[in-house]
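Commentary on secondary and tertiary structure
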Amino acid sequence: MLKKYIKDNSSSFKTAGLIFLTSRIFILLLVLYLGYIQTPSYPEGSYIIDIPVIKDFVLYDSQHYINIAKCGYNNYDAYPKIQGQNYVKGAEAAFFPLYPMLIRMLFFIGIEAHVAGFIISNICFFFILFFLKKFLIQNGIKVNMPLYIVAFYPLSMYFSAVYTESLFILLTIMCFYFAHNKKWWAAGITSFFASLARNAGIFLSAFLFFEYLHSINFKIKNIKKEILTAGFPVLGLSSFLFFEQIKYNDFLKFYHVNFLECFGRERTTFLKFLIEDIIKGNIKDPIVFINMLICYLFTVVFIIMCFDKKIHLSYKIFTFGLMYISMGTLFKGWNGTFASLGYARYAMPCIPVFIYLGKSKKYLSFFVLGIFAAGLFFYTVAFVSKYFIA
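Because the structure is a prediction, the values reported are computed rather than measured.

Scoring rules and cut-offs
- Residues numbered from 1 in each chain as written.
- Predicted model: local features only at pLDDT ≥ 70, side-chain atom pairs only at ≥ 80, totals over all residues.
- Heavy atoms only, no water.
- Axes fitted to C-alpha atoms, helices over the stretch in contact; angles between N-to-C directions.
- Helix = DSSP H or I, 4+ residues; strand = E, 2+ residues; numbered from the N terminus.
- Parallel < 35°, antiparallel > 145°, perpendicular 65-115°, else oblique.
- Left-handed = near helix turned anticlockwise from the far one by under 90°.
- Contact = heavy atoms within 4.5 Å.
- Nonpolar A, V, L, I, M, F, W, Y, C, P; charged D, E, K, R; others polar.
- Polar contact = N/O pair within 3.5 Å; in protein donor to acceptor, adjacent residues only side chain to side chain.
- Buried < 20%, exposed > 50% of the residue type's maximum accessible area, 1.4 Å probe, protein only.
- Core = buried A, V, L, I, M, F, W, Y, C linked by side-chain atoms within 4.5 Å.

1. Considering the packing of helix α5 (residues 113–138) against helix α7 (residues 165–180)
In the contact formed by α5 and α7, the axes pass within 8 Å of each other and the chain directions differ by 25 degrees. The angle between α5 and α7 falls in the class roughly parallel. Helix-helix and strand crossings are classified by hand; for α5 and α7 the assignment is left-handed. Contact residues: α5 offers Ser121, Cys124, Phe125, Phe127, Ile128, Phe131, Leu132, Lys134, Phe135 and Gln138, while α7 offers Ser166, Leu167, Ile169, Leu170, Ile173, Met174, Phe176, Tyr177 and His180. Considering only residue class, the contact of α5 with α7 consists of 14 nonpolar, four polar and one charged.

2. Describing the side chain of Ser166
In this structure, Ser166 sits in helix α7. A distance of 3.1 Å separates the side chain of Ser166 from the backbone oxygen of Ser121, its partner in a polar contact. Ignoring anything within four residues of it in the chain, the contact list for Ser166 reads Ser121, Cys124, Phe125, Ile128 and Phe159.

3. Remarks on the environment of Met157
Its location among the elements puts Met157 in the loop between α6 (145–151) and α7. On the accessibility criterion, Met157 (0% relative accessible area) is buried. With 100 residues separating them along the chain, Met157 and Phe57 place their C-alpha atoms 8.0 Å apart.

4. Thoughts on the nonpolar core
By size, the foremost hydrophobic cluster in this structure holds 118 residues, and its most contacted members are Phe57, Ile103, Tyr153, Met157, Phe176, Phe207 and Phe298. If one sorts the elements of this core by residue count, α5 sits on top with 14 residues. In contact with Phe57, not counting residues within four places along its chain, are Ile27, Val31, Ser62, Phe118, Met157, Ser160, Ala161, Val162 and Phe383.

This is the structure:
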């Protein structure tokens with residue numbers, strides 16, 4: 001059965017493999033070169049590890065996933081000491097469990113946690129490209145440009161980092177794919193796991209609800225039990241919240257850690273988010289400036305998408321939800337409060353935006369790809385140089 005599946009989808013596998021290798025080799029060569037000319041350094045909040053290449057993809061939030069994978073939640077005394085001694089007790093509660101659970105599975109069979117995370121992220125990224133290609137084919141989109149735009153997105157190195165980006169986006173695109181095929185239970189299951197990978201997975205509930213209604217032409221009398229799959233993301237998120245209630249005696253511990261206890265983030269409005277960095281002069285920082293440009297680009301594309309009747313309402317609602325999270329938060333960095341500092345990473349799951357950019361007019365899509373590739377070069381240099389970019 002597996003051999004037949006691979007044979008039937010050989011074209012999608014080849015396309016995904018080519019783009020995967022092209023983008024990863026680009027990043028790998030740059031990382032190796034920078035590692036050769038730079039003196040190794042470790043910012044606060046990093047493990048000191050000496051595994052070539054992989055060490056450059058284990059930074060900042062990676063420590064939390066690795067701690068959870070090795071020691072579980074709320075086990076502060078067992079967590080390894082890290083560079084800078086800046087770990088805040090209880091901070092791990094902000095990080096969802098699916099990714100560290102997968103790391104733990106490989107860790108149990110003898111694979112070092114850092115290596116396990118790196119392997120998982122890259123495997124997930126390959127299948128992101130594979131399922132995205134299949135999804136495009138199903139929607140009559142023959143060009144591969146959306147895959148290239150995803151693979152060479154300025155923060156594409158996070159697809160290989162010990163972060164949840166690859167896992168969450170894979171589950172998201174799988175949910176889209178299964179829903180498009182009206183395999184509602186498969187879509188529901190992937191959305192359940194997505195909400196165990198990131199809190200943004202909850203927006204797949206709205207996606208499934210409206211996509212199901214679209215499939216029956218919004219005729220209420222035709223509703224069947226498959227509509228229940230829209231509740232799967234709620235079940236996934238709720239299970240984690242109940243776990244935190246038991247573990248920390250706080251049902252919303254992950255939210256409190258992000259906004260009140262550890263990371264000091266603030267909720268804000270769209271308008272304030274869009275002008276915050278300009279008013280405060282934060283755009284002098286090149287990372288913030290590029291993030292802000294990406295934010296404006298995604299906002300404009302989303303507005304255009306909203307007027308495109310060919311795009312299902314479900315995809316617009318899902319994208320709006322992701323943008324609401326990304327643009328509704330002010331981030332407190334080392335030197336003050338920023339709006340755009342983390343936007344470019346938080347917006348990575350906005351797959352409908354990438355598809356829309358990739359299937360646009362050829363000259364425009366090539367222009368976007370060129371700008372993204374240049375941004376990827378710049379961001380990878382900053383990332384490997386241990387500059388905090390998200």
